[in-house]
Amino acid sequence: TVNNNQVLHASDIVIVSVQSSTCPIPMVSVANTRVGSFDVAVYNASPAGNDAAYTMNLNFAVIRVGS
């Protein structure tokens, strides 16, 4: 969960992307948006046997839909 006071409406659009990662195949998405926060889902799509202790830097942007 990311708390951010720029999310003013549940209909605001949040975009999340991976800036850098040691994970070979990182996947991220926004799972839920609420007033004041949103959830980010992170998935390691690497084949079985890879270390799960990867580091990841994420960027996000908020597009305000409501007024």
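The present account deals with the structure reproduced in this document. In this text, all values refer to a predicted model and were calculated from it rather than measured experimentally.

### Description of the overall build of the protein
Here comes step 1: Looking only at helices and strands, one finds 0 helices and 5 strands in the protein.
Here comes step 2: If you list the helices and strands of the protein from N to C, you get β-β-β-β-β.
Here comes step 3: Counting across all 67 residues of the protein, residues that qualify as buried make up 16%.
Here comes step 4: Partitioning the intrachain contacts of the protein with sequence separation of at least 6 by distance along the chain shows that 65% fall at a separation of at least 24.
Here comes step 5: Carbon and sulfur atoms make up 53% of the accessible area of the protein, which amounts to about 4400 Å² in all.

### Observations concerning the environment of Y43
Here comes step 1: Position of Y43 among the secondary structure elements: in strand 4 (residues 37–44).
Here comes step 2: Along the backbone, Y43 and S29 are 14 residues apart, and their C-alpha atoms lie at a distance of 8.8 Å.
Here comes step 3: Leaving out residues up to four positions away in the same chain, Y43 has contacts with I25, P26 and M27.

### Let's talk about the sheet that holds strand 3 (residues 26–34)
Here comes step 1: As summarised here, the arrangement of the 3 strands in space is 1-4-3, forming an open sheet in which the pairing is antiparallel. The open sheet has two edge strands, strand 1 (2–3) and strand 3, and neither has a second partner.
Here comes step 2: Bridge count between strand 3 and strand 4: 8 bridges; the pairing is antiparallel. Paired with R34 across the two strands is S37, which belongs to strand 4.

### Some remarks on the environment of S21
Here comes step 1: Within the secondary structure layout, S21 lies in strand 2 (residues 13–21).
Here comes step 2: By relative accessible area, S21 is classed as partly exposed at 30%.
Here comes step 3: Put simply, S21 and N57 are 36 residues apart on the chain and 6.3 Å apart in space, counted from C-alpha to C-alpha.
Here comes step 4: The contact partners of S21, leaving out residues within four places of it in the chain, are P26, T55 and M56.

Scoring rules and cut-offs
- Residues numbered from 1 in each chain as written.
- Predicted model: local features only at pLDDT ≥ 70, side-chain atom pairs only at ≥ 80, totals over all residues.
- Heavy atoms only, no water.
- Helix = DSSP H or I, 4+ residues; strand = E, 2+ residues; numbered from the N terminus.
- Buried < 20%, exposed > 50% of the residue type's maximum accessible area, 1.4 Å probe, protein only.
- Contact = heavy atoms within 4.5 Å.
- Areas by Shrake-Rupley, 256 points an atom, 1.4 Å probe, with all protein chains shown as cover.
- Pairing = 2+ DSSP bridges.

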